[in-house]
Amino acid sequence: MEREETIMWMHKTALTIVTGFAATLLTASPHMTADAQDTVNIGMFTSLTGPSAIVGKDMQRGVELAINRVNEGYEVPLKDGSTRAIGPGVNGSQIRLIVEDSESRPQAAMDSVRKLVNVDNVSVVLGEYSSGLTLPTGQFINENGVVQISIGANSPKLRDVGPFFFDMIGLATLQGSAMVDLAEQAIGAKTFATFMPNNPYGVGVELAVCEAAKERGSECVATVRYEEQKTDYRAELQQANAPNPDAVIFFAYGAEAQLVLRQAYELGLNASEKWFGTEVSNWVNEVTDTPEIAEGVRGIEHDVGGDFYNEQYAGPYEEAYGEKPLTVFGGYGYDAAMIAALAIKEAGSTEPDKIREAVHKAAETYKGVTGDKAVDEEGMQTNEDYAILIYKDGGLQPYTP
Amino acid sequence: MTDFLIYLATMVGIWGILSLSLNLQYGVTGLVNLGHIVFFMLGAYISTIMVVLAGWPIFLGMAAGVVAAAAFGALMALPTSNLQQDYWAISTLAAAEIVRLVFLNTQLGGPYSGAAFGMSGIPRPLRAYFTSGSYDLFYMVMVLTVLAICLALCWWVLATPFGRTIKALREGDHVPLALGKRIATFRIRSMALGGGIGGLAGALFAHYNAFISPQYFLPLETFIVWAMVILGGAGNFVGVIVGTVIIQSIYNSTRFLKDFVPIDQALLGSLRMILIAVLIILVILYMPKGLIPERRRRYERPPAAQG
């Protein structure tokens, strides 16, 4: 008898939960439309849970910093040294930032983007970091004629998304030539091996490196695409090393890079001489306990820093959040949001075609905290500054080949 | 808002078809398939390859996806049909990962197509006949109709001798053996049928989402289907659809919570995971047969209560 009562109670609870959610969905509707009239909505989808959560959170902070400035009124620095006043708000209304969690999963990313476009009627969508999430959602956003500014994704395939799609970070193709140049200048490398994660970013860089090598009369002798989250990479490492390449171009995420570098060190692959990494700052904290495994490894990183960056972004960031910027990508989020706000102001309306045109113009004149933000006709960055670094004495230091 | 609800209903329909097919294999036949997403993946990929690369008409491509998934279901069961439950479960998980790794490492089309990049710009059926607003509505109606047909098909299968045999199989090998049935054949046929329906869900998904990549078919997705089946009630076809509705609602309605309650979005994401986990634990503890348990056939009335 007691058990039956429990079951009845459970039935009722389950029913309440379901009704509750249904009610939430239904009541959400009038709430949204009422809001849409007195604010300009900017949407952002970013990974707040899952493997990319730290980058995702940092990007959210960067975007918030920019939107808060615009809502309070701000003098935006331009490339020619002058400033442009914006705000409070744009076109007489405050900007409302709506952030959705993409969970680092493509299906959840699509859910969040659908909500932003269909329910919140946002004028611009900002995000994402992962190319695997940006490609499918970009296709949908573009089809619906909404402007999207991607923050950290850099797969070369993004170029084909469509006219409403923009990118705030240089595509992998630019990284490819930077890497080949570095290895050539540093050790005169003629044969290359790539050691990349088997995802759109990794494969994008691999293709770009081999293309750049071919253009310079060199060649790729091994292209290893490894599966992420494995506990052993010795087989893949030896595969990359087998044809005895002059240089190995590699990338790995945080803790995984620690494992890769440790195993390369144990196998005696001479990483300090031959290994060159892309986006090296993403594993710098993970190797602090065993600095010998990364000693002498050279590589590139997005060139984010300097006085302008500190004064415009890193300083105020620390004031607002009580810690230094978590990654380099928050700055790109800041620039994306600032350009979006400038474009909406320039367009004078939330009409997608006008905003799209205005983004091109705004990106041309705006002085980004992460460097020059000008885009080409397809909305991709024309140029990206990379810092050349070497891991030495427990940290990354500038390096001149 | 309406557009978003239409989208949700479409996704519920697609996932509903997928959970129906898992229910046919697990809930009815008792086959613990931990690689169920493989059928969804094959349906999606084969249909896309046929339509985008081979230039087949969309509906023919979808049919090819269904056939491929059904054939793979049978193929998967062929060498393993005599394995015991736990070994069987492991082999299904491995089979799904093998297929995913094949797609992850196969370039399809240009240099930036297939492999890790996935396939984009997948054409949508009958797109030219609708405006962009009404197309989603059309697709929802189509998906829900297919869901209804699949539900009817499942009910029909259960009423056939084949259906009764696979149900007996779930309770142990002895009964069907005693009746002179070949167990392996029934397992293979059940896997093929479930696989075909799962493939249909995948094909519908690919041509709706217009983009697929190996990232969509990670083992995690199989467990989401499992959550739907267990929550709703394994063995009951309506139950698993209710389970699908609940899981999808939790995933999406929690997005709206932050518009009413001042709550951090990152916290909300974690809360969503906790909510689903707690719900499943509660269901397993207090309602082990799910929210809508399977209705057992009664062969005789229970003895009248003694006064």
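Engineer: Sorry, what's going on with the nonpolar core here?
Structural biologist: A general trend in soluble globular proteins is that nonpolar side chains are found buried together. Grouped together as the largest cluster of nonpolar side chains are 112 residues, with contacts concentrated most on B:Val38, B:Leu204, B:Ile212 and B:Phe217. Excluding its chain neighbours within four sequence positions, the residues that come into contact with B:Phe217 are B:Ile37, B:Phe40, B:Met41, B:Ala44, B:Tyr45, B:Arg100 and B:Ile212. Among the nonpolar cores identified, the runner-up in size contains 55 residues, and A:Leu126, A:Ile344, A:Ala362 and A:Tyr366 belong to it.

Engineer: Got a minute to help me understand the domain arrangement of chain A in this structure?
Structural biologist: All names here are of chain A. Once the domains are mapped, chain A shows domain 1 (38–170 + 305–384) and domain 2 (173–303 + 387–398). For domain 1 versus domain 2, the separation of C-alpha centres amounts to 30 Å. Tallying the contact residues gives 15 residues for domain 1 and 12 residues for domain 2. At the boundary of domain 1 with domain 2, total buried surface from both sides reaches about 970 Å², with 60% on carbon and sulfur atoms. When the buried surface of domain 1 facing domain 2 is broken down by residue, Asn154, Pro156 and Val328 rank first, second and third, together holding 37% of it. Summed over the shared surface of domain 1 and domain 2, the result is zero salt bridges.

Engineer: Whenever I open this one, the sheet that holds strand 5 (residues 124–126) of chain A confuses me. Can you help?
Structural biologist: Pairing between the strands of a sheet comes from backbone hydrogen bonds, and it takes one of two forms, parallel or antiparallel. Residue and element names in this part refer to chain A. Spatial ordering of the open sheet is given by 4-1-5-6-7, a layout of five strands whose pairing is parallel. Taken across any chain shown, the strands that pair with only one partner, and hence form the sheet edges, are strand 4 (94–101) and strand 7 (165–167). Looking at each pair of strands side by side, their axes are set apart by 25° on average, direction ignored. Two elements, strand 5 and strand 6 (residues 147–150), share three bridges in a ladder whose sense is parallel. Bridge pairing links leucine 126 to isoleucine 149 in strand 6. Contacts from helix 2 (residues 53–72) reach strand 1 (39–46), strand 4 and strand 5, with the element oriented near 170° to strand 4.

Engineer: Which parts of the structure should I look at to understand the packing of aromatic side chains?
Structural biologist: Tallied over the full model, the rule gives 33 aromatic pairs over all chains. The interplanar angle of 10° and the centroid separation of 4.0 Å between the aromatic rings of B:Tyr45 and B:Phe103 together place this pair among those described as stacked. Taken together, the residues B:Tyr45 in helix 2 (residues 37–53) and B:Phe103 in helix 4 (residues 85–104) connect sequence positions 58 residues apart. The exposure classification of B:Tyr45 matches that of B:Phe103, with both residues buried. Cluster of aromatic residues (ring-pair linked, three or more members): B:Phe4, B:Tyr7, B:Phe130, B:Tyr135, B:Phe138, B:Tyr139, B:Tyr208 and B:Phe256. The ring of B:Tyr251 carries A:Arg105 above its face, with NZ or CZ at 5.3 Å from the centroid. Cation over ring: A:Lys115 sits above B:Phe256, and NZ or CZ is 5.1 Å from the ring centre.

Rules of the game
- Sequence order sets the numbering: in each chain, residues are counted from 1 along the sequence as written.
- Both sets of labels track the order of writing: A upward for chains, 1 upward for ligands.
- Local features are withheld for residues below a pLDDT of 70 in this predicted model, meaning they are given only at 70 or higher, and side-chain atom pairs are given and counted only at 80 or more; totals for whole chains, interfaces and linings count all residues.
- Water and hydrogen atoms were dropped before computing side-chain values, which therefore reflect all heavy atoms in the structure.
- Side-chain atoms within 4.5 Å are what join buried Ala, Val, Leu, Ile, Met, Phe, Trp, Tyr and Cys residues into a set we call a nonpolar core.
- To sort residues, take the accessible area from a 1.4 Å probe on protein chains only and compare it with the maximum for the residue type: under 20% means buried, over 50% means exposed, and anything in between is partly exposed.
- Between two residues, a contact is recorded if the distance between any of their heavy atoms is within 4.5 Å.
- Boundary definitions for the domains trace back to an automatic or database domain assignment.
- For any pair of parts, buried area is found by adding up, for both, the accessible area (1.4 Å probe) each one loses once the two are put together.
- A side-chain nitrogen of Lys or Arg and a carboxyl oxygen of Asp or Glu constitute a salt bridge if their distance falls within 4 Å.
- In this scheme, strands are said to pair when DSSP sees at least two bridges between them.
- Counting from the N terminus, the helices are the DSSP runs of H or I reaching at least four residues and the strands are the DSSP runs of E reaching at least two.
- In this analysis an axis means a line fitted to C-alpha atoms, helices contributing only their contacting stretch, and an angle means the value between N-to-C directions, from 0 to 180 degrees.
- Stacked, edge-to-face and tilted are the three classes for Phe, Tyr and Trp ring pairs, Trp counted by its six-membered ring, which pair at centre distances within 6.5 Å; planes under 30 degrees apart are stacked, over 60 edge-to-face, the rest tilted.
- Any Lys NZ or Arg CZ that is within 6 Å of a ring centre and within 35 degrees of that ring's normal is treated as a charge sitting over the ring.

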